[in-house]
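Residues per chain are reported as follows:
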Amino acid sequence: MKANFLQAVMAATLALAWAGATHAQGAPGSDTKTVVKEDAKTVGHAVAHSARTVGHSVAESSRKARDTIRADSKKAGHAVGHSAKAVGRTVKDSAEKVKTTVTRKSDEPQPKN
């Protein structure tokens, strides 16, 4: 990112130097205020373009990281869900075994009232 910023600054400096040289060769009666305004506009556009380029490159690299994190989170979520389901089945089966053991049927028939 520092390299791209440095390139933007260098582009702005070259744009100012080029604009200054171009205007110096022009008519001697040109308005200095207009020249400075145009130079500032040119530099502003160069900096904006460089910033946009840097922003796009950062967005592209963060997009890859985002996709990787999303995939890993999805895998972890599925693993947790599977483990919770397995634990639930084990508890249910164990509870049923305990229930059948505790409520054992006697050999004698139930009395009828």
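Residues numbered from 1 in each chain as written. Predicted model: local features only at pLDDT ≥ 70, side-chain atom pairs only at ≥ 80, totals over all residues. Heavy atoms only, no water.

*Asks:* Help me out: how do you make sense of the overall build of the protein chain in this one?
*Replies:* Looking only at helices and strands, the protein chain features 2 helices and 0 strands. Looking at the 113 residues of the protein chain, the share that counts as buried comes to 9%. Carbon and sulfur atoms form 63% of the exposed surface of the protein chain, whose accessible area is close to 10,000 Å². (Helix = DSSP H or I, 4+ residues; strand = E, 2+ residues; numbered from the N terminus. Buried < 20%, exposed > 50% of the residue type's maximum accessible area, 1.4 Å probe, protein only. Areas by Shrake-Rupley, 256 points an atom, 1.4 Å probe, with all protein chains shown as cover.)

*Asks:* Looking at this structure, I do not really get the pattern of salt bridges. What am I missing?
*Replies:* Any two side chains of opposite charge can pair, so long as their charged atoms come close to each other. Tallied over the entire structure, the rule returns 3 salt bridges. Among the ionic pairs, Arg63 bridges to Glu60, the shortest N-O distance being 2.6 Å. With Arg63 and Glu60 both in helix α2 (residues 32–102) and 3 residues apart, this pair spans about one turn of that helix. Given a relative accessible area of 38%, Arg63 falls into the partly exposed group. Given a relative accessible area of 38%, Glu60 falls into the partly exposed group. Residues Asp67 and Arg66 are paired through a salt bridge, measuring 3.4 Å at the closest nitrogen-oxygen approach. Overall, the relative accessible area of 35% leaves Asp67 in the partly exposed class. Each member of the salt-bridge network shares a partner with another, and the members are Arg66, Asp67 and Arg70. (Salt bridge = Lys/Arg side-chain N within 4 Å of Asp/Glu carboxyl O.)

*Asks:* For this particular structure, what's the right way to read the environment of Lys41?
*Replies:* Summarising the element assignment, Lys41 is placed in helix α2. Looking at Lys41, the relative accessible area reads 44%, which means it is partly exposed.

*Asks:* Just to check I follow, could you spell out α2 for this structure?
*Replies:* Each full turn of the α-helix corresponds to 3.6 residues, which orients residues three or four apart in the same direction. Here α2 contains 71 residues, and its C-alpha end-to-end distance of 101 Å stays within 8% of the 105 Å for a straight helix at 1.5 Å per residue. By the burial criterion, the buried members of α2 are Val35, Asp39, Val43, Ala46, Ser50 and Val54. (Expected span 1.5 Å × (residues − 1).)

*Asks:* Sorry if this is basic, but what is going on with the environment of Thr100 here?
*Replies:* Among the structural elements, Thr100 can be located in helix α2. A distance of 2.8 Å separates a polar side-chain atom of Thr100 from the backbone oxygen of Lys97. (Polar contact = N/O pair within 3.5 Å; in protein donor to acceptor, adjacent residues only side chain to side chain.)

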